[in-house]
2 protein chains.
Amino acid sequence: MNTSTWPEPYLRAASRTLLFLMTAIVVALPLHAQTDPLPSWKEGPVKQTIIDFVQRVTAEGGRDFVPVEERIAVFDNDGTLWTEKPVPNEVYFVQSRVKEMVARDPSLRKRQPFRAVLERDEGYFQRHGAQAIAELVTATHANMTQEQFASEARRFLDTQRHPKLGRPYTATAYQPMLELLALLRANRFQTWICSGGTTDFMRVFSSQVYGIPPEQVIGSSIKREFRVVSGMRTIWRLPAMESVNDRETKPVGIDRHIGIRPLLVAGNVLSDGDIAMMEYSKSRPGASLQLLINHDDAEREFAYRERDNASLGAAGQYGFTVVSMKNDWKRIFR
Amino acid sequence: MNTSTWPEPYLRAASRTLLFLMTAIVVALPLHAQTDPLPSWKEGPVKQTIIDFVQRVTAEGGRDFVPVEERIAVFDNDGTLWTEKPVPNEVYFVQSRVKEMVARDPSLRKRQPFRAVLERDEGYFQRHGAQAIAELVTATHANMTQEQFASEARRFLDTQRHPKLGRPYTATAYQPMLELLALLRANRFQTWICSGGTTDFMRVFSSQVYGIPPEQVIGSSIKREFRVVSGMRTIWRLPAMESVNDRETKPVGIDRHIGIRPLLVAGNVLSDGDIAMMEYSKSRPGASLQLLINHDDAEREFAYRERDNASLGAAGQYGFTVVSMKNDWKRIFR
């Protein structure tokens, strides 16, 4: 146990020795001998922007210095930290749950929205929109305890593979972004996820894959209640959405969970879902950085763009930094 | 900037020296020379229970060892970390806001629920219950940006004093609990608040008073939206409640914000509001500790009990540790 206070004389002696030691190391260390913190990023203006930014906001006494408690970095997940094509990875989890549910109760095969999933009827979801997605999420994610849900999600991630990339879903994370997360944490940033996926699905792998603990995951969520199940007090998942975390509700989610305007936000081009939280960060008084991942690498991942170009348009208008997967990243996956 | 990787030879030399130094300190340090981490707690079974618990769950290799990421400690605020009598401190903030609003618009004086506040008509609130409280909170806490609200709350806390205790509200925090928070953090616990007060009011002082950062405050909250105000993207406070954090919704709030069953929960006797989250912690597999603060010290603070004795009853039934302010605390305030 750390009793928080060491006896004074020991403490003073230890401090002096430590200080001397650290000073000696720093003085002996030629600046250019530092290892590249972003080895999977190609040299160029984007990599330099990131490194300069981290240097500026952590330089004590500097004009742009930001105290540790305000070093909040927020990342979208699908398409920003890992692949979201041809559909977000959580959709495969939903499909897998539907197949298991139908195997147990074949009458579901004829009922919507299960039928649309089994028949890959995208038209159904286009016609019924968010309502159909919410029905599907609540049908596959609810009526169980949090522990049961986590174990279902873990089993899916441990046993199944991304159909196009042929690798475990957790291995569809982008190596350059993992390096960026590590660089930020080494400079005492808190790293958070703020994504449209469900919080509880992301919490199952965020720590292992990204080093982001469950309490720093903000996502969509279903309603829950406190309930006694088999004599154990637990959180029971109800078949209804509590919140959908997308577009204008992302900054609200950040406020709900963090309460501090982010210093850095990373999002991606696909559905203009990250613009609001990037603008929210940009309105921070003082320094801030917004990174917009552009999926322009058909060879190594997927190439896609928005119909209306909204995200790239916002990047031009507000000064977000656009990251080209093709030109700025040496490698995509680990 | 910390580039996260030091050159290998320096690192190895530094590690060896550090290890030697730390070993020397630990070996040289007689166990009984450690300073008391809880000086405001009287010696006795309660203090010993706390110290033993922290020792057990942090002893590597021990049967009850709990990894750092699961060391979650959750504290109720009103009546657990600071005074809640004769009414919770935030109620004085609401009163102060009502007075200012009426000064600007005297017609409000005749309208409920403002009139009931000005006339100290407790009957009105008893008759209209949670609905009236919610109306009051939304009327006094909404229709402004988060920044404006924080500045209002800060001004109140900086300028006004608790009417019975005659000290600033932030000085109504309990010294023994501040020591407990520090002891837990020194042993790498995360310390959280989970309280019926509003998140945004508590966030204004939680860091300064308790060392608990804004992102670790769970409370009741009003609805918000992302809005452009005077050209700035901001979070606008809407006049409606989003969630009330009390009783059975406290474990839900913990799940929403943390996603990990707490290892330690502290609550207090007044309105049975903390029983559910204490039970939730108690159902954790393995070690856990629940502290129930009993307000039995009329001389130094306030003495009060529950009509139905529900919290003390639950303590007996589930094995929560009851803390007597009169017998277990040497001092109450700083």
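Quantities reported herein were computed from a predicted structural model and do not represent experimental measurements.

Draft legend 1. The arrangement of the overall build of chain A in detail. Counting secondary structure elements, chain A contains 12 helices and 7 strands. In chain A, which comprises 334 residues, the proportion classed as buried is 53%. Of the contacts made within chain A by residues no fewer than 6 positions apart, 69% connect residues no fewer than 24 positions apart. For chain A, the exposed area adds up to about 15,000 Å²; of that, 52% sits on carbon and sulfur atoms.

Draft legend 2. Here's a closer look at the pairing of strand 7 (residues 321–324) of chain A. Residue and element names in this part refer to chain A. Alignment of strand 6 (residues 289–294) against strand 7, held across 4 bridges, turns out to be parallel. Across the sheet, Leu 292 pairs through a bridge with Val 322, a residue of strand 7. Crossover strand 6 to strand 7 through helix 11 (residues 310–318) is right-handed.

Draft legend 3. Examining the environment of Thr 249 of chain A more closely. Structurally, Thr 249 of chain A is set in helix 9 (residues 249–257). A C-alpha to C-alpha distance of 8.6 Å links Thr 249 of chain A and Met 277 of chain A, two positions 28 residues apart in sequence.

Draft legend 4. Representation of the sheet that holds strand 7 of chain A within the structure. Residue and element names in this part refer to chain A. The strand order across the open sheet formed by 7 strands is 4-3-2-1-5-6-7, and the pairing between neighbours is mixed. Two strands lie at the open edges of the sheet, namely strand 4 (232–243) and strand 7, each paired on one side alone. If you compare each strand with its neighbour and ignore which way they point, the axes differ by 35 degrees on average. The sheet contact formed by strand 2 (residues 190–198) and strand 3 (residues 217–229) spans 3 bridges and is parallel. Its bridge partner being in strand 3, Ile 193 is matched across the sheet by Val 217.

Draft legend 5. Summary view of the side chain of Ser 311 of chain A. Residue and element names in this part refer to chain A. Its place among the elements puts Ser 311 in helix 11. Looking at Ser 311, the relative accessible area reads 2%, which means it is buried. In contact with Ser 311, other than residues within four places in its own chain, are Asn 268, Val 269, Asp 272, Ile 275, Leu 292 and Glu 306.

Draft legend 6. View of the packing of aromatic side chains. Residue and element names in this part refer to chain A. Scanning the entire structure with this criterion turns up 28 aromatic pairs over all chains. Between Trp 41 and Trp 329, the aromatic rings sit 5.7 Å apart at their centres with planes inclined by 75 degrees, giving edge-to-face as the arrangement. Of the two residues, Trp 41 is situated in the loop between helix 1 (8–28) and helix 2 (45–58) and Trp 329 in the segment after helix 12 (325–328); the sequence distance between them amounts to 288 residues. Here the two residues Trp 41 and Trp 329 agree in accessibility, since each one is buried. Ring plane angle 50 degrees and centroid distance 5.5 Å describe the contact between Tyr 174 and Trp 329, whose orientation is recorded as tilted. Of this pair, Tyr 174 sits in the loop between helix 6 (146–159) and helix 7 (175–186) while Trp 329 sits in the segment after helix 12, and the two are 155 residues apart along the sequence. With relative accessibility at 0%, the residue Tyr 174 sits in the buried group.

Draft legend 7. Representation of the packing of helix 9 (residues 249–257) of chain B against helix 10 (residues 275–282) of chain B within the structure. All names here are of chain B. As a packed pair, helix 9 and helix 10 sit with axes 7 Å apart at the nearest point and diverge in direction by 55 degrees. Here helix 9 is positioned oblique relative to helix 10, judged by the angle of their axes. In this structure, helix 9 contributes Lys 250, Pro 251, Ile 254 and Asp 255 to the contact, and helix 10 contributes Ala 276, Met 277 and Tyr 280.

Draft legend 8. Structural context of the pattern of salt bridges. All names here are of chain A. Tallied over the entire structure, the rule returns 42 salt bridges over all chains. Between Asp 76 and Lys 250 there is a salt bridge, with its nearest N and O atoms 3.0 Å apart. With Asp 76 in the loop between strand 1 (72–75) and helix 3 (89–104) and Lys 250 in helix 9, the pair connects residues that are 174 residues apart, well separated along the chain. The burial state of Asp 76 is the same as that of Lys 250; both residues are buried. What you see here is one network of salt bridges that share partners, running through Arg 97, Glu 100, Glu 152 and Arg 155.

Draft legend 9. Local environment of helix 2 of chain A. Residues and elements named next belong to chain A. Across its 14 residues, helix 2 extends 20 Å between first and last C-alpha, which sits within 8% of the 20 Å expected from 1.5 Å per residue. Where helix 2 is concerned, the buried positions are Val 46, Lys 47, Ile 50, Ile 51, Phe 53, Val 54, Val 57 and Thr 58. In a view along the axis of helix 2, the buried residues occupy a sector of 155 degrees, so they form one face of it.

Draft legend 10. Layout of the sheet that holds strand 7 (residues 321–324) of chain B. Residue and element names in this part refer to chain B. On the basis of which strands lie adjacent, the open sheet formed by 7 strands has the order 4-3-2-1-5-6-7 and mixed pairing. Whereas interior strands pair on both sides, the edge strands pair on one side only; in this sheet they are strand 4 (232–243) and strand 7. The mean angle between the axes of side-by-side strands here comes to 35 degrees, regardless of whether they run parallel or antiparallel. Its contacts with the sheet place helix 11 (residues 310–318) against strand 5 (264–268), strand 6 (289–294) and strand 7, and it is angled at close to 145 degrees to strand 6.

Draft legend 11. How the structure looks around the environment of Val 322 of chain A. Residues and elements named next belong to chain A. Inspection of the secondary structure puts Val 322 in strand 7. Its relative accessible area of 31% is what places Val 322 among the partly exposed residues. Taking the C-alpha atoms as reference points, Val 322 and Arg 203, 119 residues apart in sequence, are found 28 Å from one another. Ignoring sequence-local partners within four residues, the contact set of Val 322 consists of Val 46, Leu 292, Asn 294, Leu 312, Ala 315 and Asp 328.

Draft legend 12. How the structure looks around helix 6 (residues 146–159) of chain B. Residue and element names in this part refer to chain B. Relative to the 20 Å expected for 14 residues at 1.5 Å per residue, helix 6 spans 20 Å between its end C-alpha atoms, a close match to the ideal helical length. Turning to helix 6, its buried residues are Gln 146, Phe 149, Ala 150, Ala 153, Phe 156 and Leu 157. Buried residues of helix 6, seen end-on, are gathered within an arc of 125 degrees and therefore sit on one face of the element. The exposed set on the far side of helix 6, more than 90 degrees from its buried face, consists of Asp 158 and Thr 159.

Draft legend 13. Structural detail: the packing of helix 10 (residues 275–282) of chain A against helix 11 of chain A. Residue and element names in this part refer to chain A. Where helix 10 meets helix 11, the closest approach of the two axes is 11 Å, and the angle between their N-to-C directions is 10 degrees. Taken together, the axes of helix 10 and helix 11 lie roughly parallel to each other. Between helix 10 and helix 11, the contacting residues are Ile 275, Glu 279 and Lys 282 on the first element and Ala 310, Ser 311, Ala 314 and Tyr 318 on the second. Looking at the contact of helix 10 with helix 11 residue by residue, the classes come out as 4 nonpolar, 1 polar and 2 charged.

Conventions we followed
Residues numbered from 1 in each chain as written. Chains lettered and ligands numbered in written order. Predicted model: local features only at pLDDT ≥ 70, side-chain atom pairs only at ≥ 80, totals over all residues. Heavy atoms only, no water. Helix = DSSP H or I, 4+ residues; strand = E, 2+ residues; numbered from the N terminus. Buried < 20%, exposed > 50% of the residue type's maximum accessible area, 1.4 Å probe, protein only. Contact = heavy atoms within 4.5 Å. Areas by Shrake-Rupley, 256 points an atom, 1.4 Å probe, with all protein chains shown as cover. Pairing = 2+ DSSP bridges. Right-handed = clockwise from strand over helix to strand, strands pointing away. Axes fitted to C-alpha atoms, helices over the stretch in contact; angles between N-to-C directions. Phe/Tyr/Trp six-rings, centres within 6.5 Å; stacked < 30°, edge-to-face > 60°. Parallel < 35°, antiparallel > 145°, perpendicular 65-115°, else oblique. Salt bridge = Lys/Arg side-chain N within 4 Å of Asp/Glu carboxyl O. Expected span 1.5 Å × (residues − 1). Arc of directions from axis to C-beta. Nonpolar A, V, L, I, M, F, W, Y, C, P; charged D, E, K, R; others polar.

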